[in-house]
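Each chain is listed here by its residues.
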Amino acid sequence: MNRLSLLLKSNGFVNSIRMTSTFLGIPIYKVNAFYVDGLLIDTGFTFGRDRFLKLLDTLHPEIVVNTHHHEDHTGNNFLIREKYHLLPLAHPKTSFYLRDPSHWLPWYRRLVWGCPPPSETGELNSKVQTKKFLFLVIPTPGHSDDHVCFFEPNEGWLFSGDLFLSEQMKYLREEENIFSIIDSLKKVVALHPKKMFCSFNGLIEHPMEALHKKIDYLENLQKGVEEGFRRGLSPREIQRRLLGRVDRLGFFTFGEISKRNLIYAFLKLKGVKR
Ligand SMILES: [Zn+2]
């Protein structure tokens, strides 16, 4: 049922490993892991394990890190541990999630990516050193509470995990914190990255422009939601006016990722409960 296409693309020192999950030949979702100078950032999703590991045989990772616990970023942690005897490093909270992913992973996500078996992670320090580069670990909660980015200050590379994703997000996961996302975006803008490697889009050539656009978009959206609230509009009406009525992703994910979540996330400050 589930097929995978895998593409290795080189941007100088940085290799993007793009994994696309497909159903009946239709691409469902893509995610990038990155490899640079012996460092593997994220491990893709479990359904892609055979081809992913084959590729790693040619890359020879020496250090493995995770940006956060989601199953499309940690899906092959357990195999890397088994095959290369490397302990992936992550935020301290990640180890709690990976102890048993079947506890928190909804069934539809298992169908798309597979459910990783339980695995262990070690704790990241504030820096990760490879032969040529030094990566700073930047805590960037919001998308998840254990989310981190990796920043190489001399090169200006930012590995942004799932912090950025798109300039104009219309959907939010139930557990995401929109205000923490905005704070985290501002935190990475202050680093002045020159290149951003996003888990969803791959290389983004002009990260400052993209990050500023996203922050502006979210702050304007917040203003729009608050304005609607002041005028006595219902959350549904606010959503219809600002994001459109149709909430396709909300339907397919049973409300886990939806426009409704994004509107309610902003209304939380106004004391509005779902
Ligand atoms: Zn994620």
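What counts and what doesn't
- Residues numbered from 1 in each chain as written.
- Predicted model: local features only at pLDDT ≥ 70, side-chain atom pairs only at ≥ 80, totals over all residues.
- Heavy atoms only, no water.
- Donors = N, O, S within 2.8 Å, 3.2 Å for Na, K, Ca; no water.
- Tetrahedral: all angles 85-135°; square planar, octahedral: opposite > 155°, others 65-115°.
- Buried < 20%, exposed > 50% of the residue type's maximum accessible area, 1.4 Å probe, protein only.
- Pairing = 2+ DSSP bridges.
- Helix = DSSP H or I, 4+ residues; strand = E, 2+ residues; numbered from the N terminus.
- Axes fitted to C-alpha atoms, helices over the stretch in contact; angles between N-to-C directions.
- Phe/Tyr/Trp six-rings, centres within 6.5 Å; stacked < 30°, edge-to-face > 60°.
- Lys NZ or Arg CZ within 6 Å of the ring centre and 35° of its normal.
- Contact = heavy atoms within 4.5 Å.
- Patch = residues over 30% accessible without salt bridge, like charges linked within 9 Å, V, L, I, M, F, W, Y side chains within 5 Å.
- Areas by Shrake-Rupley, 256 points an atom, 1.4 Å probe, with all protein chains shown as cover.
- Salt bridge = Lys/Arg side-chain N within 4 Å of Asp/Glu carboxyl O.
- 1 Å grid on protein atoms, 1.4 Å probe; cavity = no way out; pocket = protein on both sides within 12 Å on 5 of 7 lines; lining within 4 Å.
- Points joined across faces, edges and corners; volume = space filled by probe spheres on them.
- Nonpolar A, V, L, I, M, F, W, Y, C, P; charged D, E, K, R; others polar.
- Core = buried A, V, L, I, M, F, W, Y, C linked by side-chain atoms within 4.5 Å.

(A) Structural context of the coordination of the zinc ion. Here the zinc ion is held by the protein donor atoms H68 (NE2), H70 (ND1), H143 (NE2) and D162 (OD), which lie 2.1 to 2.2 Å from it. The coordination sphere of the zinc ion comprises 4 donor atoms, whose angles at the metal cover 92 to 171 degrees; the geometry is irregular. Each donor residue of the zinc ion belongs to the same chain, and together they define the spacing H-x1-H-x72-H-x18-D. The exposure class of H68 is buried, given its relative accessible area of 0%. We classify H70 as buried; its relative accessible area is 1%.

(B) Main features of the sheet that holds strand β10 (residues 148-152). Ordered by their spatial adjacency, 6 strands build an open sheet running β8-β9-β10-β11-β13-β14, and the pairing between neighbours is mixed. Where the open sheet ends on each side, the last strands, each with one partner, are β8 (127-129) and β14 (202-204). Each strand of the sheet is rotated relative to its neighbour by a mean of 25 degrees, with strand direction disregarded.

(C) Fine view of the packing of aromatic side chains. Using the criterion set out here, one finds 13 aromatic pairs in the structure. Taken together, the ring pairs connect F13, F34, F133, F135, W157, F159 and F197 into an aromatic cluster. Taking NZ or CZ as reference, K30 lies 4.8 Å from the ring centre of F200, over its face. The side chain of K214 reaches across the aromatic face of F164, ending 5.6 Å from its centre.

(D) Region of interest: helix α3 (residues 77-84). Turning to α3, its buried residues are N77, F78, L79 and I80. Looking at the buried side of α3, the elements it contacts are β4 (39-41), α1 (49-59), β5 (63-65), α2 (71-74) and α4 (94-98). Once α3 finishes, H85 follows within two positions and takes phi at roughly 55 degrees, a positive value.

(E) Expanded view of a nonpolar patch on the surface. Side chains of W107, L111 and F254 sit close together on the surface and give an oily, nonpolar patch of about 380 Å² of accessible area. Among the structural elements, L111 can be located in helix α5 (residues 107-113). Take L111: its relative accessible area is 46%, and that puts it in the partly exposed class.

(F) Layout of the pattern of salt bridges. Tallying each qualifying case throughout the model produces 9 salt bridges. Note that R230 is salt-bridged to E227, the shortest N-O span being 3.0 Å. Note that R230 and E227 are positioned in helix α7 (residues 207-230) at a spacing of 3 residues, about one turn of the helix. Each of E71, R109 and E256 takes part in salt bridges that share partners, so that together they form one network.

(G) Main features of the pairing of strand β11 (residues 157-161). Among the 5 residues that make up β11, 5 are buried, leaving the element largely enclosed by the rest of the structure. Burial along β11 is two-sided: W157, F159 and G161 facing one way and L158 and S160 facing the other are all buried. The pairing of β10 with β11 spans 3 bridges and is antiparallel. Within the sheet, the bridge partner assigned to E152 lies in β11 and is W157. Where β10 hands over to β11, the hairpin turn is made up of 4 residues, of which G156 adopts a positive phi near 75 degrees.

(H) Region of interest: the layout of surface pockets. Taken as a whole, the second largest pocket encloses approximately 350 Å³ of empty space. Around the second largest pocket, the lining is made up of 19 residues, and of these R236, Q239, R245, D247 and R260 lie nearest the centre. Elements with a minimum of two residues in the lining of the second largest pocket: α8 (235-243), α9 (248-252) and α10 (259-267). A class-by-class count of the residues in the lining of the second largest pocket yields 6 nonpolar, 5 polar and 8 charged.

(I) Seen up close, the environment of L53. Mapped onto the elements of the fold, L53 is located in helix α1. Taking relative accessible area as the criterion, L53 reaches 9% and is therefore assigned buried. As a C-alpha pair, L53 and W107 span 54 residues in sequence and 25 Å in three-dimensional space. Those residues in contact with L53 that lie beyond four places of it in its chain are L79, I80, K83 and Y84.

(J) A look at the nonpolar core. In terms of nonpolar packing, the biggest core is built from 34 residues, with I178 and L218 touching the most fellow members. The set of elements that each furnish at least two residues to this core consists of β10, α6 (178-189), β13 (195-198), α7, α8 and α10. The element contributing the most residues to this core is α7, with 7 residues. Not counting residues within four places of it along the chain, the set of residues in contact with I178 comprises M169, L172, L218, L262, A265 and F266.

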